Each structure stands twice: as C-alpha cells, then as structure tokens.
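Each chain, letter by letter, is given below.
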Amino acid sequence: TERREERKKTINREMRKICVVGGGGAAGICAIKHCLQNNLDVIGFEQTSSIGGTWVYTDEIGKDKHDLPIHSSMYRNLHTNLPKELMSFPDFPFPPQEKSYLPAAKVLTYLNSYVDTFSVRENIKFQHHVIRVRPLPEGNMWEVLVRNLISNLDEIFNFDAVLLCHGHFSVPHTPHFVGRNAFKGRQMHSHDYRIPDNFANERVLVIGGMI
C-alpha cells in the first residue's frame, strides 16, 4: 500500500536532526552524547537551569517560578539505593571512592563530569519548556513547540526524530481510598518530602513501599 511504502521511505531516509526532551537529566545527556558520536544534529531542551534532572535538590515543592510542576522528588541527605557500580554509564565509571552507596551530591557531580567530558552541555537549551510535540502532515518530521522561559517567547522547531527523556518518577500518583477525605491531618505525597524537621513531635504514617 502507499502508506507502507511511505513508512519504508521514512525509515530509509537519513535522520539528521534530533530533539531530546529532558536534555539535562541522566537519560537526556546520554542520548545527546550518543547522537553526537554518530554525527547527528541534536538539540536537548531542559526546562530547568542545570544538569542533573531528578538529582538536583531544591527546597521548592509544588510549582516553580514559571508555574511549572517541580520535577525532582529529591529530598535532603538522600543516598543512592543502588551501588555506584550499577549506576554508571558503561563507558564512564564513577571515580574510585571508598563507598558504593553515594550521597546525591556525588551523583550530580558525576553527571556534570560526564556532560563536560563529552561536550554535551553545548547542545542543551536550558530553561526551555517543551509545550507540544506533533507529527507534521507529511508524516516524516516532527514539530516541537518550545517556550523560552527567560524571554517567555515561543518557538517552533522541526526534527527528524524526538527522544523523550523527561523521566518517569516526576509526576506523583496519589491513590484514592475510602476514608481518606475523613482524615483531618496533613496529607502529602513523598514527591513533596524534603526534610524530616517539618514532622518533629508528630505521629507519621507512611503508606506505600519502595519499588
């Protein structure tokens, strides 16, 4: 059929211009690095101002100054629940150090070192929020609408391919169960947890398990 032939042409044509949504996180910087190594024209869009994604700690919860949801679920003094030997990129191990389970700050340092070693930073547009991604009528290109959070101006880009690297733990899921509305105390999702001090001298119930 014509549609099948068109798909074959799309697959066979050389892809050159690549978009990475969430270009500052671990998946995003890895995607950009490999695109560069394969001589692709790649742009990463990162709505925050720094490298690290969920590994960037902030006291803020809810929404940021641009009225966008806070991406990170990081809490203060977090340590990894995986050894560094399992967390590193295959071609870029963590520097030698005594402990395997690292504080978040060391993971953030590692990610920044990865970015600078492979010259990834130059291909990331920071403080750029992707509003919409949609296929063009021709079917072989993607239109990406992006807002520059500094100028508050929107811009449209066209790409051969779009890689979504915006993370899957950034949107909290709060279950609904019988009796929840009857509880008059404070209720919050762990996504908004930052420090234990706020719960001093209180009785706290934690619902849910580690995955």
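Refer to the structure presented above.
Since the structure is predicted, the reported quantities are computational estimates derived from the model, not experimental observations.

Reading the values: the criteria
Residues numbered from 1 in each chain as written. Predicted model: local features only at pLDDT ≥ 70, side-chain atom pairs only at ≥ 80, totals over all residues. Heavy atoms only, no water. Pairing = 2+ DSSP bridges. Helix = DSSP H or I, 4+ residues; strand = E, 2+ residues; numbered from the N terminus. Axes fitted to C-alpha atoms, helices over the stretch in contact; angles between N-to-C directions. Salt bridge = Lys/Arg side-chain N within 4 Å of Asp/Glu carboxyl O. Buried < 20%, exposed > 50% of the residue type's maximum accessible area, 1.4 Å probe, protein only. Expected span 1.5 Å × (residues − 1). Arc of directions from axis to C-beta. Contact = heavy atoms within 4.5 Å.

Could you give me a rundown of the sheet that holds strand S2 (residues 41–46), with the residues and numbers involved?
Read from one edge to the other, the open sheet built from four strands follows the order S3-S2-S1-S7, with strand pairing classed as parallel. The outermost strands of the open sheet, each flanked by one partner alone, are strand S3 (124–126) and strand S7 (161–164). The average angle at which neighbouring strand axes cross in this sheet is 20°, direction not considered. The sheet contact formed by strand S1 (residues 17–21) and S7 spans four bridges and is parallel. Bridging from a neighbouring strand, Val 21 pairs with Leu 164 of S7.

Report on the pattern of salt bridges, specifying residues and quantitative values.
What the rule picks out here adds up to ten salt bridges. Across the pair Lys 33 and Asp 91 runs a salt bridge whose closest N-O atoms are separated by 2.2 Å. Pair noted here: Lys 33 is in helix H2 (residues 26–37) and Asp 91 is in the loop between helix H3 (84–87) and helix H4 (104–117), with a separation of 58 residues, a long-range link. Measuring nitrogen to oxygen at the nearest pair gives 3.1 Å for the salt bridge that ties Arg 186 to Glu 202. Of this pair, Arg 186 sits in the segment after S7 while Glu 202 is found in the segment after S7, placing the two residues 16 residues apart along the sequence. The class for Glu 202 is partly exposed, based on a relative accessible area of 44%. One connected set of salt bridges, linked through shared partners, spans Arg 132, Arg 134 and Glu 143.

Hey, could you go over H4 for me, with residue numbers and the actual values?
Think of an α-helix as 3.6 residues a turn; residues three or four steps apart then line up on the same face. Spanning 14 residues, H4 covers 20 Å between terminal C-alpha atoms, matching the ideal 20 Å at 1.5 Å per step. The set of residues buried in H4 consists of Ala 104, Val 107, Tyr 110, Leu 111, Tyr 114 and Val 115. Buried residues of H4, viewed axially, fall in a sector of 135°; they line one side. Summarising the geometry of H4, the exposed residues directed more than 90 degrees from the buried face are Ala 105 and Thr 109. Close packing links the buried residues of H4 with H2 and H3.

Give me the pairing of strand S4 (residues 128–135): which residues, what numbers.
Here seven bridges tie S4 to strand S5 (residues 142–148), and the two strands are oriented antiparallel to one another. Its bridge partner lying in S5, His 128 is registered against Asn 148. Here S4 folds back onto S5 in antiparallel fashion, the turn holding six residues, of which Gly 139 has a positive phi close to 90°.

Go over the sheet that holds S5 with me, naming the residues and quoting the values.
Read across the sheet, three strands follow the order S4-S5-S6 without closing on themselves; strand pairing throughout is antiparallel. Both outer strands of the open sheet, S4 and strand S6 (153–159), are each paired with one neighbouring strand and no more. Strand-to-strand twist in this sheet, taken as the mean axis angle between neighbours without regard to direction, amounts to 20°.

Hey, could you go over H2 for me, with residue numbers and the actual values?
Given a rise of 1.5 Å per residue, twelve residues ought to cover 16 Å, and the 17 Å separating the end C-alpha atoms of H2 matches this to within 8%. Of the positions making up H2, those classed as buried are Gly 28, Ile 29, Ala 31, Ile 32, Lys 33 and Cys 35. Where H2 is buried, its residues contact S1, S2, H4, S3 and S7. Looking one or two places after H2, you find Asn 39, whose phi comes out positive at around 60°.

Spatial relationships are all this shows, so hold off on functional conclusions.
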